[in-house]
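Each chain, written out:
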Amino acid sequence: MKALLDVGSIGAAGLRGLLDRARDHADALRAGERVVPSLDGRVVGLLFFEPSTRTRVSFDLAAKRLGATVLVLDPDRSSINKGESLRDTVLTVSSIGAEILVVRHSEARSPALVHTWTGRPVINAGDGTNQHPTQALADCLTLEERFGSIQGLCVAIVGDIVHSRVAGSLVDALRTLGAEVILVGPDAMLPENDLPRSGDLDEVLAEVDVVYLLRIQRERGVEASDDYQSRFQLDFDRSARMKPEAVVMHPGPINRGVEISVDVADGPRSLILDQVACGVPVRMAALEAVGGIDW
Ligand code: NCD
């Protein structure tokens, strides 16, 4: 694999291979293993042109756990502020020695451009409203660890789906692995496609195995209507109507009191921190895959 730009292009076998490798890493981490030096001495560049907490930090730790050296570009203090273009910036970082590039950017498909310009392996760490493949992998690993298999699960994705790169990748991954997906939200937040959809969270709650909540992407120009919380917030009463074994997920950052209530975010159904923890083994597998490591 020369690049991990989206879920669709890696296919079912690629997805399965990454998840199996990630599961091995997760088991090794739990068993106390700290470093698996398959990228020993290689240089991983983290190029985050949009804010990030969990994705950036888990790529950083994943690269270090593989024995790589991590080179972090801080765009706010880089020559981008002096008018340097994205192309010149990434060619510079690549010439300095970054061999694998992890790219987050507000423009859809810019990680693909970075791959073309530099010829380096690239992982898309979130591009605009397009794709976020390693988040989808982390979510699938989380679900497989909880349910054993994704095949046959019914997942409601709730909220600002049209602006969500997380949803973009997750829908592809879940369907490839045999889950049913239903999109839930106000009309203006649902994309045009032929997936099952509902404007009524209460109608689907009791039927699904997973309620996957999304943040409203205000930075992409969307605002919640006044009735958003009363219609779509997953609160205690709604969570009580879910199936006994059903779970709640969210890629973070969570806005407590908007799409999820405080008690549900911290409650027994919540897998939010499991998703975060799965980010490290999944990103280890992704870095190895684009780094040409056979496992
Ligand atoms: C998401 C992102 O940046 O795409 N966060 C993440 O990576 N876990 C979701 C978001 O910003 O809402």
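Nothing here was measured: the structure is a model prediction, and the numbers come from that model. (Residues numbered from 1 in each chain as written. Predicted model: local features only at pLDDT ≥ 70, side-chain atom pairs only at ≥ 80, totals over all residues. Heavy atoms only, no water.)

The five strands lie next to each other as β8-β7-β6-β9-β10, forming an open sheet whose pairing is parallel. At either margin of the open sheet sits one strand with a lone partner, and together these are β8 (197-198) and β10 (247-249). Both strand β9 (residues 210-213) and β10 contribute to a ladder of three bridges, which runs parallel. Across the sheet, residue valine 211 finds its bridge partner in β10, namely valine 248. (Pairing = 2+ DSSP bridges. Helix = DSSP H or I, 4+ residues; strand = E, 2+ residues; numbered from the N terminus.)

So, on to the nonpolar core. In this structure, Val102, Ile157, Leu174, Tyr212 and Leu287 are the most contacted members of the largest nonpolar core, which totals 58 residues. Examining the composition of this core, we find that nine residues originate from one element, helix α11 (residues 272-290), more than from any other. In contact with isoleucine 157, other than residues within four places in its own chain, are Ala167, Leu170, Val171, Val181, Ile182, Leu183, Val184, Tyr212 and Leu214. (Core = buried A, V, L, I, M, F, W, Y, C linked by side-chain atoms within 4.5 Å. Buried < 20%, exposed > 50% of the residue type's maximum accessible area, 1.4 Å probe, protein only. Contact = heavy atoms within 4.5 Å.)

Quick look at the sheet that holds strand β3 (residues 69-73) now. Within the open sheet, the five strands sit side by side as β1-β5-β4-β2-β3. Their pairing is parallel. Of all the strands in the sheet, just β1 (3-4) and β3 have a single pairing partner and so form its edges. Note that strand β2 (residues 43-48) and β3 share five bridges and pair parallel. Residue leucine 46 lies in a different strand from β3, and its bridge partner there is valine 72. Packing of helix α3 (residues 86-96) onto the sheet brings it into contact with β2, β3 and β4 (100-105), and relative to β3 it is tilted by some 155 degrees. (Axes fitted to C-alpha atoms, helices over the stretch in contact; angles between N-to-C directions.)

Near the ligand the following residues occur: Arg54, Thr55, Arg104, His132, Gln135, Arg165, Val166, Arg215, Gln217, Pro251, Gly252 and Pro253. One of the side-chain N or O atoms of glutamine 217 is found 2.9 Å from an oxygen atom in the ligand. Contacts to the ligand include proline 251, whose backbone N or O atom sits 2.9 Å from a nitrogen atom. Within the complex, 92% of the 320 Å² of free accessible area of the ligand lies under protein. Secondary structure elements with two or more residues in the shell around the ligand: α2 (54-65) and α6 (165-176). (Near = heavy atom within 4 Å. Polar contact = N/O pair within 3.5 Å; in protein donor to acceptor, adjacent residues only side chain to side chain. Areas by Shrake-Rupley, 256 points an atom, 1.4 Å probe, with all protein chains shown as cover.)

Time to look at the pairing of strand β6 (residues 154-158). Within a regular strand, the side chains alternate between the two sheet faces. Taking burial as the measure, the five residues of β6 include five buried ones, the bulk of the element. Neither face of β6 is open: one carries Cys154, Ala156 and Val158, the other Val155 and Ile157, and all of them are buried. Note that β6 and strand β7 (residues 180-184) share five bridges and pair parallel. Looking at β7, one finds that valine 155 is bridged to valine 181. Handedness of the β-α-β unit built from β6, α6 and β7 comes out right-handed. Bridging between β6 and β9 involves four bridges; their strand directions are parallel. (Right-handed = clockwise from strand over helix to strand, strands pointing away.)

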